[in-house]
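# Per-entry structural report
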Amino acid sequence: MTAASAPESATPSTELPPAARRISRRIGSIAESATLAVDAKAKALKAAGKPVIGFGAGEPDFPTPDYIVEAAIAAARTPAMHRYTPAGGLPALKEAIVAKTARDSGLQLTPAQVLVTNGGKQAVYEAFATMLDPGDEVIVPAPYWTTYPEAIRLAGGVPVPVVADEQSGYLVSAAQLEAARTPRTKALLFCSPSNPTGAVYPPEQVEEIGRWALDAGLWVLTDEIYEHLTYGGVTAPSMPVLVPELADRCVVVNGVAKTYAMTGWRVGWIAGPTDVVKAATNLQSHATSNVANVSQAAAVAALTGDLSAAAAMREAFDRRRTTIVSMLREIPGIACPEPQGAFYVYPSVKGLLGRPIGGRTAETSAELAELILEQAEVAVVPGEAFGTPGYVRMSYALGDDDLVEGVSRMQRLLGSAE
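Residues numbered from 1 in each chain as written. Predicted model: local features only at pLDDT ≥ 70, side-chain atom pairs only at ≥ 80, totals over all residues. Heavy atoms only, no water.

### With respect to the nonpolar core
Residues Phe-55, Ile-324, Leu-328, Met-394 and Leu-414 are the most contacted members of the largest nonpolar core, which totals 41 residues. Looking at this core, the elements that each hand over two or more residues are helix H12 (308-328), strand E9 (344-345), helix H13 (365-376), strand E14 (392-395) and helix H14 (400-414). Sorting elements by how many residues they give to this core places H12 first, with 6 residues. Among all residues touching Leu-414, those that are not within four sequence positions of it are Ile-331, Ile-334, Leu-352, Ile-357, Leu-368 and Ile-372. Among the nonpolar cores identified, the runner-up in size contains 34 residues, and Val-38, Val-160, Trp-212 and Leu-246 belong to it. (Core = buried A, V, L, I, M, F, W, Y, C linked by side-chain atoms within 4.5 Å. Buried < 20%, exposed > 50% of the residue type's maximum accessible area, 1.4 Å probe, protein only. Helix = DSSP H or I, 4+ residues; strand = E, 2+ residues; numbered from the N terminus. Contact = heavy atoms within 4.5 Å.)

Listed below in structure tokens is the structure:
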């Protein structure tokens with residue numbers, strides 16, 4: 001039967017035939033990473049000669065420590081590193097992850113509970129792809145990292161946002177999470193310290209949420225990538241350590257990117273129950289095979305070394321944190337909570353919306369971010385990217401002088417709002 005003679009019922013009039021759809025619905029529904037898009041636009045403007053200062057990218061402005069780079073150079077000269085290696089990660093790196101996790105959070109693992117991934121994003125996606133069936137719901141506290149809901153949708157799941165605002169310090173409660181739970185709920189996504197807010201859950205609240213998940217029979221994916229970036233004596237305990245009974249239903253995501261200034265090296269990992277890790281490893285064996293061996297060797301050096309480089313970065317971030325918060329609070333219409341972790345501030349800009357600024361009026365935080373980029377040549381990420389319009393995210397992982405200059409430009413522009 002030719003296409004011309006096919007019965008009308010074979011292809012609904014509102015739907016293209018499969019061969020006519022150039023992009024799959026699954027991939028076509030994915031939004032571009034807003035944080036990377038803002039960073040790319042800022043870099044393009046700088047390359048064109050514009051003095052743009054970017055607060056968009058979530059990466060340390062420090063170089064990777066020399067001893068880590070030297071380990072990578074040595075690996076590049078080792079013929080064994082020129083070949084395929086186990087899809088789940090180099091044995092030496094798995095051992096290093098086990099030892100590092102015990103040292104830093106107290107969570108006890110075995111190498112069979114670890115999968116080395118191409119950065120934290122692959123870890124998040126593969127964990128959800130392994131855990132979720134179509135229609136399974138994942139509760140996602142908002143503001144959330146822009147990749148979380150997209151990774152859940154790619155895995156066939158349904159993200160269910162639970163919003164916390166600046167009044168609560170961007171911390172959701174167990175009661176809020178319970179109100180969002182349905183018979184379709186499979187898992188909770190938990191991130192502390194948080195991207196984009198810098199919020200850190202206190203130990204008693206981490207335990208309360210962990211107990212709630214345990215009692216509800218849910219899984220938890222906890223992202224601990226910012227574990228070492230906390231300030232003022234604040235700590236970020238690991239949920240399966242505070243609630244050990246949850247460990248068999250908890251997947252931990254982590255990596256070297258933030259702690260060791262290794263965002264471009266692309267090394268993350270999944271740690272969790274052996275059956276989940278084995279299934280995720282099977283997925284990775286078909287998706288990407290092993291992570292680049294040179295990067296894995298660099299990660300071994302990072303994890304088996306001390307944390308002195310991380311401590312130096314944290315000291316600089318703490319200084320910048322104080323500066324950016326105080327400067328933003330000087331702008332009428334901005335409310336800026338003080339973050340306790342990561343390297344982001346997440347101020348409310350609702351007081352600036354609907355007011356004339358530089359001859360224009362922004363009605364949304366997305367429009368305001370565009371206005372700030374055009375008129376102050378400062379790049380920020382609007383809250384729409386993180387599930388909460390009316391806010392902007394600004395990374396303070398940039399040089400002190402650029403930070404002061406960038407916020408000063410914002411003060412001059414936004415301080416004139418009437």
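### Here's the deal with the confidence of the model for the chain
Chain-level statistics for the chain give a pLDDT mean of 93 and a share of 95% at 70 or above. Across residues 1-13, confidence stays below pLDDT 50; counting only partners more than four residues off in sequence or on other chains, it has 4 contacts. (pLDDT = per-residue confidence, 0-100.)

### A few points about the side chain of Arg-321
Along the polypeptide, Arg-321 turns up in helix H12. Within the structure, Arg-321 has its side chain in polar contact with the backbone oxygen of Pro-339 (distance 2.7 Å). Setting aside its immediate chain neighbours within four residues, Arg-321 contacts Tyr-231, Glu-338, Pro-339, Gln-340 and Tyr-396. (Polar contact = N/O pair within 3.5 Å; in protein donor to acceptor, adjacent residues only side chain to side chain.)

### A closer look at the sheet that holds E14
With antiparallel pairing, 3 strands are arranged side by side in an open sheet as E9-E14-E13. Bordering the open sheet on either side are E9 and strand E13 (381-382), each of which pairs with just one other strand. Bridging between E13 and E14 involves 2 bridges; their strand directions are antiparallel. Bridge pairing in E14 places Pro-382 opposite Val-392. (Pairing = 2+ DSSP bridges.)

### As for empty space enclosed by the protein
As enumerated under the stated definition, the model contains 2 cavities of 30 Å³ or more in all. The computed volume of the largest cavity comes to approximately 140 Å³. Lining the largest cavity are 15 residues, and of these Pro-141, Pro-143, Cys-191, Ser-194 and Tyr-201 sit closest to its centre. For the lining of the largest cavity, the per-class residue count stands at 12 nonpolar, 3 polar and no charged. (1 Å grid on protein atoms, 1.4 Å probe; cavity = no way out; pocket = protein on both sides within 12 Å on 5 of 7 lines; lining within 4 Å. Points joined across faces, edges and corners; volume = space filled by probe spheres on them. Nonpolar A, V, L, I, M, F, W, Y, C, P; charged D, E, K, R; others polar.)

### Focus: the packing of aromatic side chains
Throughout the structure, instances matching the rule amount to 11 aromatic pairs. A ring pair is formed by Tyr-170 and Tyr-391, whose centres lie 6.0 Å apart and whose planes are at 75°; its orientation type is edge-to-face. In this pair, Tyr-170 sits in the loop between strand E4 (158-163) and helix H7 (174-180) while Tyr-391 sits in the loop between E13 and E14, placing the two residues 221 residues apart along the sequence. You'll find Tyr-170 and Tyr-391 in the same group, each marked buried. A ring pair is formed by Phe-317 and Phe-343, whose centres lie 5.2 Å apart and whose planes are at 55°; its orientation type is tilted. A residue pair is termed long-range when its members are at least 10 positions apart, and Phe-317 in helix H12 and Phe-343 in the loop between H12 and E9 qualify at 26 residues. Three or more aromatic residues joined by ring pairs form one cluster here, namely Phe-62, Tyr-226, Phe-317, Phe-343 and Tyr-344. (Phe/Tyr/Trp six-rings, centres within 6.5 Å; stacked < 30°, edge-to-face > 60°.)

### Some remarks on the sheet that holds strand E8 (residues 268-271)
Strand order in the open sheet formed by 7 strands is E2-E8-E7-E6-E5-E3-E4, with mixed pairing between adjacent strands. Among the strands making up the open sheet, the edge pair consists of strand E2 (114-117) and E4. The mean inter-strand angle of the sheet, taken between neighbouring strand axes irrespective of direction, is 20°. Strand direction decides the pairing type here: strand E3 (residues 137-142) and E4, joined by 6 bridges, are parallel. Within the sheet, the bridge partner assigned to Pro-141 lies in E4 and is Val-162. The strands that helix H4 (residues 91-104) touches are E2, strand E7 (250-255) and E8; relative to E2, the one it contacts most, it runs at about 115°. The strands touched by helix H5 (residues 119-131) within the sheet are E2, E3, strand E5 (185-191), strand E6 (219-223), E7 and E8, with E8 carrying the most contacts at an inclination of about 30°. (Axes fitted to C-alpha atoms, helices over the stretch in contact; angles between N-to-C directions.)

### Overview of the packing of helix H3 (residues 66-76) against helix H11 (residues 293-304)
Between H3 and H11, the shortest axis-to-axis distance is 8 Å and the interhelical angle comes to 140°. The interaxial crossing formed by H3 with H11 has right-handed handedness. Contacts between H3 and H11 involve Tyr-67, Ile-68, Ala-71, Ala-72, Ala-75 and Ala-76 from the first element and Val-294, Ala-297, Ala-298, Ala-301 and Ala-302 from the second. A breakdown of the residues in the contact of H3 with H11 according to their chemical character gives 11 nonpolar, no polar and no charged. (Left-handed = near helix turned anticlockwise from the far one by under 90°.)

### Concerning a negative patch on the surface
Residues Glu-363, Glu-367, Glu-370 and Glu-384 make up a contiguous surface patch of negative charge. You can see Glu-363 is positioned in the loop between strand E11 (360-361) and H13. (Patch = residues over 30% accessible without salt bridge, like charges linked within 9 Å, V, L, I, M, F, W, Y side chains within 5 Å. Areas by Shrake-Rupley, 256 points an atom, 1.4 Å probe, with all protein chains shown as cover. Salt bridge = Lys/Arg side-chain N within 4 Å of Asp/Glu carboxyl O. Lys, Arg positive; Asp, Glu negative; His and termini not counted. Charge placed at Lys NZ, Arg CZ, Asp CG, Glu CD.)

### Quick notes on the packing of H4 against H11
Look at H4 against H11: their axes get within 9 Å of each other, and the N-to-C directions meet at 25°. With respect to their mutual orientation, H4 and H11 come out roughly parallel. Of the two possible hands of crossing, H4 and H11 adopt the one that is left-handed. Judged by residue contacts, Ala-92, Leu-93, Ala-96, Ile-97, Lys-100 and Arg-103 of H4 engage Gln-296, Ala-299, Val-300, Leu-303 and Thr-304 from H11. (Parallel < 35°, antiparallel > 145°, perpendicular 65-115°, else oblique.)

### A look at the pattern of salt bridges
Evaluated as defined, the whole model comprises 16 salt bridges. A salt bridge links Asp-61 to Arg-320; its shortest N-O distance comes to 2.8 Å. Highlighted residues: Asp-61 in the loop between strand E1 (53-54) and H3 and Arg-320 in helix H12, separated in sequence by 259 residues. Accessibility expressed as a relative area gives 4% for Arg-320, which makes it buried.

### Observations regarding the pairing of E14
Here E14 shows a buried face lined by Val-392 and Met-394 and a second buried face lined by Arg-393 and Ser-395. Relative to E14, E9 is paired through 2 bridges, and the arrangement is antiparallel. What sits directly across from Tyr-344, in E14, is Ser-395.

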